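Below are the chains, spelled out letter by letter.
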Amino acid sequence: MIPIAEKYRTFAPFYDLMSAEIPVYRAGRKLGIQSLDLRAGGQVLDVGCGTGLNFRHLKEHIGPTGTIIGIDRSAEMLAQARRKATREGWSNIILIQADATTSPTEAIIESIASQGGRPLSDAALATYALSLMKPWEAGWSTMRDLTRLGGQLCVVDMQEPTSRLPGTSALARLACTLGGADITAHPWTAVETHCTDVTTRSARAGHLQIRTGHHSGT
Ligand SMILES: C[S@@+](CC[C@H](N)C(=O)[O-])C[C@H]1O[C@@H](n2cnc3c(N)ncnc32)[C@H](O)[C@@H]1O
């Protein structure tokens, strides 16, 4: 079996085409981003940002003066994100190559500051990313530690569909296996446990779970 990091290195140029974005996964990222109270000029952190599929939707809210901090451990996925930002003419995109489960927060903050970003973001999201991290709780801690108190935290991730439509469970499991995600991880439970004012959404027969809340410091 190909290790997950190797998969993302090899398939980065094809990720956007192969990820079932339009029929399945765009719905979750859009619901997640809509649930954030993003303002023009705000700074938002995208943990496990991959090729930057969230960036267009985030930019619609934070505008040209807002900043996106994208963190990913894969240089190849970040290269695709950088290409996309250049092609679209998006400014204020700071991309940092780091393992969200092991990199010290101080080192990431230093890297953000050296590229003109603020140390703590107004909001953070992780779409289809925490369920790949081992342990995902470490990725969650990084996301929380890089967000200001009172800011918002949003996790969009996958589980077995709750609908009994024939084939949906098998397809969901296949997508998670191919992408290296643990369909049983349920990382949005961190938002339920650690945040206040939690909102719950789901899409695609329950396969996509979205939780957003305010960082309460716990
Ligand atoms: C399924 S992709 C999702 C990408 C993007 N968030 C999206 O919604 O399309 C998962 C991403 O998480 C990244 N990733 C996995 N483990 C990571 C870790 N420990 N630290 C940082 N990034 C990680 C992978 O490199 C990959 O780009």
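Residues numbered from 1 in each chain as written. Predicted model: local features only at pLDDT ≥ 70, side-chain atom pairs only at ≥ 80, totals over all residues. Heavy atoms only, no water.

## Quick look at the overall build of the protein
Point 1. Within the protein one finds nine helices and seven strands.
Point 2. A globule of 218 residues ought to have a C-alpha radius of gyration of about 17 Å, and the protein, at 16 Å, matches this closely.
Point 3. Reported as C-alpha extents along the three principal axes, the dimensions of the protein are approximately 50 × 40 × 30 Å.
Point 4. Taking all 218 residues of the protein together, 51% fall into the buried category.
Point 5. For the protein, the accessible surface area stands at approximately 10100 Å², while carbon and sulfur atoms represent 56% of it.
Point 6. When the 22 basic and 20 acidic side-chain charges of the protein are each reduced to a single mean position, those positions are 6 Å apart. (Helix = DSSP H or I, 4+ residues; strand = E, 2+ residues; numbered from the N terminus. Rg over C-alpha atoms; globule rule 2.2 N^0.38 Å. Buried < 20%, exposed > 50% of the residue type's maximum accessible area, 1.4 Å probe, protein only. Areas by Shrake-Rupley, 256 points an atom, 1.4 Å probe, with all protein chains shown as cover. Lys, Arg positive; Asp, Glu negative; His and termini not counted. Charge placed at Lys NZ, Arg CZ, Asp CG, Glu CD.)

## Re the packing of aromatic side chains
Point 1. As enumerated under the stated definition, the model contains two aromatic pairs in all.
Point 2. On the numbers, 6.2 Å between centres and 45° between planes, the contact of Y8 with Y15 is tilted.
Point 3. The class for Y15 is partly exposed, based on a relative accessible area of 23%.
Point 4. Here Y25 and Y128 contribute two aromatic rings whose centre-to-centre distance is 5.0 Å and whose plane-to-plane angle is 75°, an arrangement assigned as edge-to-face. Of this pair, Y25 sits in helix α3 (residues 21-34) while Y128 sits in the loop between β4 (121-127) and α7 (136-145), placing them 103 residues apart in sequence. Taken individually, Y25 and Y128 each receive the classification buried, so the pair is uniform in this respect. (Phe/Tyr/Trp six-rings, centres within 6.5 Å; stacked < 30°, edge-to-face > 60°.)

## Observations regarding the side chain of T105
Point 1. Here T105 lies in helix α6 (residues 105-114).
Point 2. Residues contacting T105, with those up to four places away along its chain left out, are D145 and L146. (Contact = heavy atoms within 4.5 Å.)

## What to know about a nonpolar patch on the surface
Point 1. On the surface, I2, F11, F14, L17 and M18 cluster together to form a nonpolar patch covering roughly 550 Å² of accessible area.
Point 2. Take I2: it is sitting in the segment before α1 (4-11). (Patch = residues over 30% accessible without salt bridge, like charges linked within 9 Å, V, L, I, M, F, W, Y side chains within 5 Å. Salt bridge = Lys/Arg side-chain N within 4 Å of Asp/Glu carboxyl O.)

## Focus on the pattern of salt bridges
Point 1. The tally for this structure, following the rule as stated, stands at twelve salt bridges.
Point 2. For D16, the salt bridge is made with K84, and the minimal N-O distance between the two is 2.8 Å. Note that D16 is positioned in helix α2 (residues 15-18) and K84 in helix α5 (residues 75-88), a separation of 68 residues in sequence.
Point 3. K84 gets classed as buried once you look at its relative accessible area, which sits at 9%.

## Some thoughts on the site of the ligand
Point 1. The local shell around the ligand holds 19 residues, among which R29, G48, D72, D99 and T127 are the closest.
Point 2. One of the side-chain nitrogen or oxygen atoms of R29 is found 2.7 Å away from an oxygen atom of the ligand.
Point 3. Between the ligand and T127 there is a distance of 2.6 Å, counted from an oxygen atom to a side-chain nitrogen or oxygen.
Point 4. Out of a free accessible area of 600 Å², the ligand has 97% covered by protein chains.
Point 5. Given that more than half its atoms are within 2 Å of the pocket grid, the ligand belongs to the largest pocket.
Point 6. By residue class, the composition of the shell around the ligand is ten nonpolar, five polar and four charged. (Near = heavy atom within 4 Å. Polar contact = N/O pair within 3.5 Å; in protein donor to acceptor, adjacent residues only side chain to side chain. 1 Å grid on protein atoms, 1.4 Å probe; cavity = no way out; pocket = protein on both sides within 12 Å on 5 of 7 lines; lining within 4 Å. Sits in = over half its atoms within 2 Å of the grid points. Nonpolar A, V, L, I, M, F, W, Y, C, P; charged D, E, K, R; others polar.)

## Re the layout of surface pockets
Point 1. Approximately 1200 Å³ is the volume found for the largest pocket.
Point 2. Lining of the largest pocket is provided by 50 residues; of these, Y8, Y15, Y128, A175 and G179 occupy positions nearest its centre.
Point 3. Ranked by residue count, the leading element in the lining of the largest pocket is helix α8 (residues 168-179), at eight residues.
Point 4. For the lining of the largest pocket, a count of residues per class yields 30 nonpolar, twelve polar and eight charged. (Points joined across faces, edges and corners; volume = space filled by probe spheres on them.)

The values reported here are purely geometric and, on their own, carry no functional implication.
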